[in-house]
Amino acid sequence: MGFALHDKWLWDSWYARDGDLWHGFFLQADKSIGDPEQRHWNVSYHHATSRDLTNWDSLGTCFAPASSPAWDDFTTWTGSVVRGADGEWHLFYTGTSRADRGKKQRLGHAVSSDLHTWERIGDGMILDLAAPYEEHIEGRWHDRAFRDPFVMRDPDGDGWLMYFTARDARVGDALEAGAIGFATSPNLYEWTLQAPVFTGGFGELEVPQVFEANGRWYCLFCTAGRFWGPSAIEAAGPGMTGTHYLIGDGPRGPWRIAPGPALDAAPFPNRYAARIVQTGDEMKLLGFRWFDTDGGPFVGEISDPDPIEVTEDGLLRIAAKAQGER
């Protein structure tokens, strides 16, 4: 069944649990724009709730780019939501500006008491890119990657950890410069940029998500087949588009590329920007449906969740039953 809207495309998503109710946040764009590739520049957030991650109740638009001029007046892209010690819900998001033609990504912060009505803290911006992260270089990449913040409590302290998509300026090979960026905060309001916790293998590692399962740490990410570098291909096999992961000794690493095959990938993109949602002892994978067939039209719907299991050697895989049902 999944989650779909007849008049909008949906893609990247993230989730927060309040009691027995799941809140899903989805990038959306009106299908009236015609070309699904233009969705990135016509984006806002959709909010829906579910008790089982399969049947969803739509609550409509909950967040959008700011009025111009502003650092986030062009796009508000992928983020994450956590509940702070103050009882408030905190949204961390990606923004770009019209003045930069959407080329330079920055990170923002908004708060809510009900998970639907969000207010920016000040002008919203909390982090801008600095060394050792790579600035936009014409001809090397199409953008300055500094996006997709994922925030979690620090399991080793009282503060908070943030992971994000970035590139490392210290790496010459573009396809080995993709990085999982890192920042820390004592209180969710003040953030300090840190060096990447992982660099290598890929030109970009999108939508990172860090979690612990069975005593091991994992960093989920997605990427396109054309962005696999030599070290990733050596570790995990031929490059495909979809979701893969890193394995770490702790939330700060060190991290290594999991051996192949990729967790959920295909020669053409099927499901993308996947998240693992932990429901008690179970893990479920959700992402947006990109194409049903090679060369088919963009789908723009959220998949039903597939159960994820951890093998005896600590690898992640889609449960065999779910694989057979797909």
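Parameters and conventions
Residues numbered from 1 in each chain as written. Predicted model: local features only at pLDDT ≥ 70, side-chain atom pairs only at ≥ 80, totals over all residues. Heavy atoms only, no water. Pairing = 2+ DSSP bridges. Helix = DSSP H or I, 4+ residues; strand = E, 2+ residues; numbered from the N terminus. Axes fitted to C-alpha atoms, helices over the stretch in contact; angles between N-to-C directions. Buried < 20%, exposed > 50% of the residue type's maximum accessible area, 1.4 Å probe, protein only. Contact = heavy atoms within 4.5 Å. Polar contact = N/O pair within 3.5 Å; in protein donor to acceptor, adjacent residues only side chain to side chain. Phe/Tyr/Trp six-rings, centres within 6.5 Å; stacked < 30°, edge-to-face > 60°. Lys NZ or Arg CZ within 6 Å of the ring centre and 35° of its normal. Salt bridge = Lys/Arg side-chain N within 4 Å of Asp/Glu carboxyl O.

### Focus: the sheet that holds strand E7 (residues 106–112)
In a beta sheet, neighbouring strands are held together by backbone hydrogen bonds and run either parallel or antiparallel to one another. Pairing is antiparallel in the open sheet, where 4 strands are placed in the order E5-E6-E7-E8. Each end of this open sheet is capped by a strand with a single partner; those strands are strand E5 (75–83) and strand E8 (119–127). Here the average twist between neighbouring strands, direction ignored, is 25°. With 4 bridges connecting them, E7 and E8 associate as antiparallel partners. The residue bridging Leu-107 from the neighbouring strand is Leu-127, located in E8.

### Considering the sheet that holds strand E2 (residues 21–30)
Read across the open sheet, the 4 strands follow the order E1-E2-E3-E4; overall the sheet is antiparallel. A single partner strand is all that each edge strand has here, and the edge strands are strand E1 (8–18) and strand E4 (57–63). Averaged over all pairs of adjacent strands, the angle between strand axes in this sheet comes to 30°, irrespective of strand direction. Two strands pair when backbone bridges link them, and E1 and E2 are joined in this way by 9 bridges, in the antiparallel orientation. Bridging from a neighbouring strand, Ser-13 pairs with Phe-26 of E2.

### Observations concerning the pairing of strand E12 (residues 192–199)
Here strand E11 (residues 178–185) runs beside E12; their pairing, made up of 5 bridges, is antiparallel. Each residue of the ladder has a partner; that of Ala-179, found in E12, is Thr-199. The loop that links E11 with its antiparallel partner E12 comprises 6 residues; one of these, Leu-188, has a positive phi angle of about 80°.

### Looking at the environment of Arg-83
Tracing the chain through its elements places Arg-83 in strand E5. Overall, the relative accessible area of 39% leaves Arg-83 in the partly exposed class. Considered as a pair, Arg-83 and Leu-188 are 105 residues apart in the sequence and their alpha carbons are 9.7 Å apart. The contacts of Arg-83, once residues within four sequence positions are left out, are Asp-18, Glu-88, Trp-89, Arg-153 and Trp-160. At 3.2 Å, the side chain of Arg-83 forms a polar contact with the backbone oxygen of Gly-87.

### Considering the packing of aromatic side chains
With the rule as written, the count across this model stands at 29 aromatic pairs. Residues Tyr-272 and Trp-290 carry aromatic rings whose centres are separated by 5.0 Å and whose planes lie at 65° to one another, so their mutual orientation is edge-to-face. Separated by 18 residues along the polypeptide, Tyr-272 in strand E18 (residues 271–279) and Trp-290 in the loop between strand E19 (282–289) and strand E20 (301–302) bring together distant segments of the chain. Per residue, the accessibility class of Tyr-272 equals that of Trp-290, and both read buried. Among the aromatic residues, ring-to-ring pairing joins Trp-14, Phe-25, Tyr-45, Phe-63, Trp-71, Tyr-93 and Trp-118 into one connected group. Taking NZ or CZ as reference, Arg-39 lies 5.1 Å from the ring centre of Trp-11, over its face. Arg-39 extends its terminal NZ or CZ atom over the ring of Phe-298, reaching a point 4.1 Å from the ring centre.

### A few points about the environment of Asp-123
Counting through the fold element by element, Asp-123 comes out in strand E8. Remark: the alpha-carbon pair of Asp-123 and Thr-223, spanning 100 residues in sequence, is separated by 31 Å. In terms of polar contacts, Asp-123 uses its side chain to reach the backbone amide nitrogen of Met-125, at 3.0 Å.

### Some words on the pattern of salt bridges
Two side chains that carry opposite charge are able to pair once their charged atoms sit near each other. Tallying each qualifying case throughout the model produces 24 salt bridges. Notably, a salt bridge pairs Arg-120 with Asp-72, separated by 2.9 Å at the nearest N-O pair. Of this pair, Arg-120 sits in strand E8 while Asp-72 sits in the loop between E4 and E5, and the two are 48 residues apart along the sequence. Looking at Arg-120, the relative accessible area reads 25%, which means it is partly exposed. For Asp-143, the salt bridge goes to Arg-167, with nearest N and O atoms at 3.0 Å.

### Considering the pairing of E18
The buried count for E18 comes to 8 of 9 residues, which makes it a mostly enclosed element. As defined by bridge partners, E18 adjoins E19 across 7 bridges and the pair is classed as antiparallel. Each bridged residue has a counterpart across the sheet, and for Arg-275 the counterpart in E19 is Leu-286. Here E18 folds back onto E19 in antiparallel fashion, the turn holding 2 residues, of which Gly-280 has a positive phi close to 65°.

### Here's the deal with the side chain of Thr-94
Position of Thr-94 among the secondary structure elements: in strand E6 (residues 89–96). A relative accessible area of 0% means that Thr-94 is categorised as buried. Within polar-contact distance, the side chain of Thr-94 engages the backbone nitrogen of Asp-148 at 2.9 Å. Aside from chain neighbours lying at most four places away, what touches Thr-94 is Thr-75, Thr-76, Trp-77, Thr-78, Gln-105, Arg-106, Leu-107, Phe-146, Arg-147, Asp-148 and Pro-149.

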